[in-house]
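Geometric and topological summary
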Amino acid sequence: MARFTIAVLIIISAFLSVDCDPKTTRVSVKDYGFVVSVMSEDEHLCIGTILDDEHVLTTALCATGNKPTNLKVRVGIDEPLANGSTFKVQKVFQHPLYKWGKFIGDIAILKLESAIPNPKPVKLATKYQKTDFLDLVGGWGHFPDQNSVRPLQKYRIRTVERSVCNNSYVKYGVIKRLTGFMCAGGGREFCKTESSVSRIHQGQTFGGFGDLLLDKDVLMGIAAVIPCVLEHAPGLFTFIPRFLKWIKSILGLPPSAPLPLPPKTTTPPSPPPTKKP
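Cut-offs applied
Residues numbered from 1 in each chain as written. Predicted model: local features only at pLDDT ≥ 70, side-chain atom pairs only at ≥ 80, totals over all residues. Heavy atoms only, no water. Helix = DSSP H or I, 4+ residues; strand = E, 2+ residues; numbered from the N terminus. Buried < 20%, exposed > 50% of the residue type's maximum accessible area, 1.4 Å probe, protein only. Contact = heavy atoms within 4.5 Å. Areas by Shrake-Rupley, 256 points an atom, 1.4 Å probe, with all protein chains shown as cover. Salt bridge = Lys/Arg side-chain N within 4 Å of Asp/Glu carboxyl O. Disulfide = S-S within 2.5 Å. Core = buried A, V, L, I, M, F, W, Y, C linked by side-chain atoms within 4.5 Å. Pairing = 2+ DSSP bridges. pLDDT = per-residue confidence, 0-100.

In terms of regular secondary structure, the protein is built from five helices and 14 strands. In the protein, buried positions account for 52% of the 277 residues. Across the protein, every contact between residues at least 6 apart in sequence was considered, and the portion connecting residues at least 24 apart equals 70%. Entry remark: accessible area of the protein is about 14100 Å², with carbon and sulfur atoms responsible for 54%.

Here it is in structure tokens:
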């Protein structure tokens, strides 16, 4: 079942790259310490995002068809199979509204068996502030024509008005109304093999599910739907502010709790009293 999930992701995630700033920058996890690789059977599956020392955020699709024992999270790497710290997944929490192909609730949290030392949690957006461009950080997918792996990169991607995005999907009969998504980029031509390969080699397309839509260092969305079969339809990103209450409930936090949480501190034990001679 795990290989089925990987196959599904490969088929529908050639990835969008239209209406974007042509300047693409290669980045490192030193710049984005909250970025991790979600792996299945030692293959990169999706990008994940550190919430705290025991929880990683990703899309529900990435966890579909995988038992927790099949999943791992690799932290502190620039390449999916490079050296780093690997953590087993203890439990998967998919959003209760998520159903395959229903375009709703595409978000999941992975509970790790052991804690990440000195984690660098991502900041989660609490609301949307209108902007023309956001940073898209992604990578680690395979080039279609070779065994090499796309590096972790970022580029500026244009946001799409919700009404325009909604109409793009409604006219194809896919859905009646978008719920819980924001939209950016799009265009079927960038999912065609020849077109995407040439742009990939120019460093202009990359990535797949779980890629991060950031306003500077604040997470606005995670890549959920890449519309390779829908001409001119924007990409859909799970809209983080919409799911804050659910995220906090899984983390065992009250709705008013800030995210990320302050780092845990431990008070060193007091030294034993000295004996007088």
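Tallied over the full model, the rule gives five salt bridges. The partner of Asp42 in a salt bridge is Lys72, and the shortest N-O contact between them spans 3.6 Å. One end of the pair, Asp42, is in the loop between strand S2 (35–40) and strand S3 (43–52); the other, Lys72, is in strand S5 (residues 71–75), with 30 residues separating them in the sequence. Between Asp217 and Lys123 there is a salt bridge, with the nearest N and O atoms lying 3.1 Å from each other. Of the two residues, Asp217 sits in the loop between strand S12 (212–215) and strand S13 (218–225) while Lys123 sits in strand S8 (residues 123–124), which places them 94 residues apart along the sequence.

Here we come to unusual backbone geometry. One non-glycine residue, Glu41, lies in positive phi territory at about 55°. Of note, Glu41 is situated in the loop between S2 and S3. The exposure class assigned to Glu41 is partly exposed, which follows from its relative accessible area of 38%. Backbone geometry places Lys216, a non-glycine residue, at a positive phi of 65°. Look at Lys216 and you get exposed, because its relative accessible area is 67%.

Where two cysteines share a covalent bond between their sulfur atoms, that bond is called a disulfide. Applying the stated rule across the entire model yields two disulfides. Each disulfide pairs two cysteine sulfurs, and for Cys46 the partner residue is Cys62, the sulfurs being separated by 1.8 Å. The S-S bond linking Cys46 to Cys62 shows a torsion near -95°; that makes this disulfide left-handed. Within this pair, whereas Cys46 is found in strand S3, its partner Cys62 is found in helix H2 (residues 60–63), the two being separated by 16 residues in sequence. Side by side, Cys46 and Cys62 carry an identical accessibility label, which is buried. The side chain of Cys165 participates in a disulfide bridge whose partner is Cys183; the two sulfur atoms lie 2.0 Å from each other. Note on the Cys165 and Cys183 pair: the S-S dihedral is about -80°, so by sign convention the disulfide is left-handed. On the criterion of sequence distance, the pair formed by Cys165 in helix H3 (residues 162–170) and Cys183 in strand S11 (residues 181–184) is long-range, its members being 18 residues apart. Across the pair, Cys183 and Cys165 agree in class, each one buried.

Bringing the nonpolar core into the picture now. Core analysis: the biggest nonpolar cluster contains 49 residues, and Leu57, Leu124, Leu212, Leu219 and Ile247 have the highest contact counts within it. Considering every element that reaches this core, the biggest residue donor is S3, with five residues. If we skip the residues at most four places from it in the chain, Leu124 touches Leu51, Val218, Leu219, Ile240, Leu244, Ile247 and Leu259.

On to the pairing of strand S14 (residues 235–239), then. For S14, the tally of buried residues reaches five of five residues, placing the bulk of the element in the interior. With four bridges joining them, S11 and S14 adopt antiparallel strand pairing. In the strand pairing of S14, Phe181 is matched with Thr238. The pairing of S13 with S14 spans four bridges and is antiparallel. Bridging from a neighbouring strand, Val225 pairs with Leu236 of S14.

Topologically, Tyr98 is positioned in the loop between strand S6 (85–94) and strand S7 (108–112). Taking the C-alpha atoms as reference points, Tyr98 and Thr59, 39 residues apart in sequence, are found 9.9 Å from one another. Not counting residues up to four positions away in its chain, the partners in contact with Tyr98 are Ala60, Leu61, Thr64, Ile104, Gly105 and Asp106.

With that out of the way, let us pick up the environment of Glu79. When you line up the elements, Glu79 lands in the loop between S5 and S6. Of the residues examined, Glu79 reaches a relative accessible area of 25% and is grouped as partly exposed. For the pair formed by Glu79 and Leu152, sequence separation is 73 residues and the distance between their alpha carbons is 7.6 Å.

Right, let's talk about the confidence of the model for the protein for a bit. Predicted confidence across the protein gives a mean pLDDT of 77, with 69% of residues reaching 70 or more. Note that residues 188–207 has pLDDT below 50 and, in this model, 54 contacts with residues that lie over four places away or in other chains.

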